[in-house]
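What the coordinates show
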Amino acid sequence: MNRKTLAIALGAALSASLAATAQADKLDDIIESGKLRCAVTLDFPPMGFRDENNNPAGFDVDYCADLAKVLGVEPEVVETPFPDRIPALVSGRADVIVASTSDTLERAKTVGMTIPYFAFQMVVLTREDAGVNSYADLKGKKLGNTSGTYEAIALEKDQKAWGTGSFRAYQSQNDTILAVAQGHIDATVVTNTVAAATLKSGKYKGLKVAGDAPYVVDYVSLAAKRSEYGLLNYLNLFVNQQVRNGRYDELWKKWVGDEIKPANLTVPGVYY
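Please read these numbers as outputs of a predicted model, since none were measured by experiment.

One recurring pattern in soluble globular proteins is that nonpolar side chains are buried together. Within the largest apolar cluster, 69 residues are counted, with the highest numbers of intra-cluster contacts made by Leu 36, Phe 59, Tyr 63, Tyr 117, Phe 118, Leu 138 and Tyr 215. Of all the elements, helix 3 (residues 59-71) adds the most residues to this core, at seven residues. Domain assignment of the residues forming this core places at least three in each of domain 1 (26-119 + 220-256) and domain 2 (122-212). Apart from the residues within four sequence positions on either side, Phe 59 is in contact with Pro 46, Met 47, Tyr 117, Phe 118, Tyr 248, Leu 251, Trp 252 and Trp 255. Core analysis: the next-biggest nonpolar cluster, separate from the first, contains nine residues, Ala 39, Leu 89, Ile 97 and Met 113 among them.

In structure tokens:
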């Protein structure tokens with residue numbers, strides 16, 4: 001092959017590569033499809049749940065709708081249990097994760113995480129007759145939590161360090177709370193928002209909050225495929241705009257209420 005032929009071949013290969021790269025932009029794909037598929041967990045009120053008409057509702061559902069609106073497309077909620085959030089994204093069943101996903105370094109090895117769009121404080125949820133009045137009282141108790149969540153990982157780690165009691169993982173938040181109410185476990189750790197919604201619902205008699213869990217604030221992010229830089233950049237700007245235009249506060253008051261102040265989404269002393 002002479003130099004001229006080689007140059008033509010290399011140029012064609014480069015052009016094909018660039019064309020393929022351009023076609024692979026997920027942000028453009030979403031806009032062209034006219035639909036945004038959001039992986040949302042619907043057993044985590046007030047972030048995601050089904051209303052009395054069995055329709056998806058909650059903070060994350062509205063957040064997905066807000067994102068779809070600015071993109072000029074229709075939102076589609078892909079109901080996704082906590083353990084299935086990342087598989088749903090990686091397999092292509094969802095375009096983005098809007099499901100209160102903690103921004104752990106381990107998850108960031110698989111998917112791209114945005115700046116925080118929400119933040120949770122953890123509290124102890126137990127029964128009034130379980131003899132638990134603080135986090136320290138969990139030692140030696142039967143504990144459990146929702147598989148794959150930030151609080152489950154932290155609680156199981158402490159239980160193993162104590163060397164006493166037991167820990168059981170559940171597939172959903174509802175299963176975990178029901179296990180506490182029915183006495184299968186003595187206590188769990190949930191977000192302050194879940195605890196408030198659970199007690200307010202009146203569905204579970206005899207439950208109470210037994211103080212804060214000594215965990216760091218749980219910052220949660222939107223997520224997209226790790227290689228989709230254009231989409232991730234857009235999502236970061238969207239989160240920023242939601243706070244700047246007051247929509248974050250609106251959604252907080254709508255779904256969490258005025259009893260708890262909107263969480264600060266920044267880490268003091270650290271640029272994120």
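Let us keep going from here.
Here helix 2 (residues 26-33) crosses helix 8 (residues 229-244) at 75°, and the two axes come no closer than 6 Å. By the criterion of interaxial angle, the relationship of helix 2 to helix 8 is roughly perpendicular. Only Gly 230, Leu 231 and Tyr 234 of helix 8 make contact with helix 2, whose side of the interface consists of Lys 26, Leu 27 and Ile 30. Among the residues making up the contact of helix 2 with helix 8, the classes are represented as four nonpolar, one polar and one charged.

Under the definition given, this model contains 16 aromatic pairs. For the ring pair Phe 118 and Tyr 248, a centre distance of 6.4 Å and an interplane angle of 75° mean the geometry is edge-to-face. Pair noted here: Phe 118 is in strand 6 (residues 111-120) and Tyr 248 is in helix 9 (residues 247-255), with a separation of 130 residues, a long-range link. For the pair formed by Phe 118 and Tyr 248, the shared burial category is buried. Three or more aromatic residues joined by ring pairs form one cluster here, namely Phe 44, Phe 59, Tyr 63, Phe 82, Tyr 117, Phe 118, Phe 120, Phe 238, Tyr 248 and Trp 252.

Turning to the domain arrangement of the chain, a few remarks are in order. The domain boundaries assigned to the chain delineate domain 1 (26-119 + 220-256) and domain 2 (122-212). Taken over C-alpha atoms, the centre of domain 1 sits 26 Å from the centre of domain 2. The interface of domain 1 with domain 2 comprises 11 residues on the first partner and 13 residues on the second. The largest per-residue losses of area from domain 1 upon contact with domain 2 belong to Asp 43, Phe 44 and Phe 82, which jointly make up 42% of the total buried on that side. Here domain 1 is connected to domain 2 by zero salt bridges. For the pair domain 1 and domain 2, the number of links is three residue pairs in polar contact (both at pLDDT 80 or more). The class makeup of the residues in the side of domain 1 that touches domain 2 is seven nonpolar, one polar and three charged.

Attention now moves to the environment of Asp 129. Within the fold, Asp 129 resides in the loop between strand 7 (122-127) and strand 8 (142-146). Residues Asp 129 and Gly 257, spaced 128 residues apart in sequence, show a C-alpha to C-alpha distance of 28 Å. A distance of 3.0 Å separates a polar atom in the side chain of Asp 129 from a polar atom in the side chain of Arg 127.

Another aspect to go through is the state of the cysteines. Scanning the model with the defined rule gives one disulfide in all. Each sulfur in the disulfide pair Cys 38 and Cys 64 lies 2.2 Å from the other. Disulfide Cys 38 to Cys 64: torsion about the S-S bond roughly 85°, handedness right-handed. With Cys 38 in strand 1 (residues 35-40) and Cys 64 in helix 3, this pair connects stretches of sequence that are 26 residues apart.

What counts, and where the lines are drawn
- Residues numbered from 1 in each chain as written.
- Predicted model: local features only at pLDDT ≥ 70, side-chain atom pairs only at ≥ 80, totals over all residues.
- Heavy atoms only, no water.
- Core = buried A, V, L, I, M, F, W, Y, C linked by side-chain atoms within 4.5 Å.
- Buried < 20%, exposed > 50% of the residue type's maximum accessible area, 1.4 Å probe, protein only.
- Helix = DSSP H or I, 4+ residues; strand = E, 2+ residues; numbered from the N terminus.
- Domains from an automatic or database assignment.
- Contact = heavy atoms within 4.5 Å.
- Axes fitted to C-alpha atoms, helices over the stretch in contact; angles between N-to-C directions.
- Parallel < 35°, antiparallel > 145°, perpendicular 65-115°, else oblique.
- Nonpolar A, V, L, I, M, F, W, Y, C, P; charged D, E, K, R; others polar.
- Phe/Tyr/Trp six-rings, centres within 6.5 Å; stacked < 30°, edge-to-face > 60°.
- Buried area = accessible area lost by both parts, 1.4 Å probe.
- Salt bridge = Lys/Arg side-chain N within 4 Å of Asp/Glu carboxyl O.
- Polar contact = N/O pair within 3.5 Å; in protein donor to acceptor, adjacent residues only side chain to side chain.
- Disulfide = S-S within 2.5 Å.

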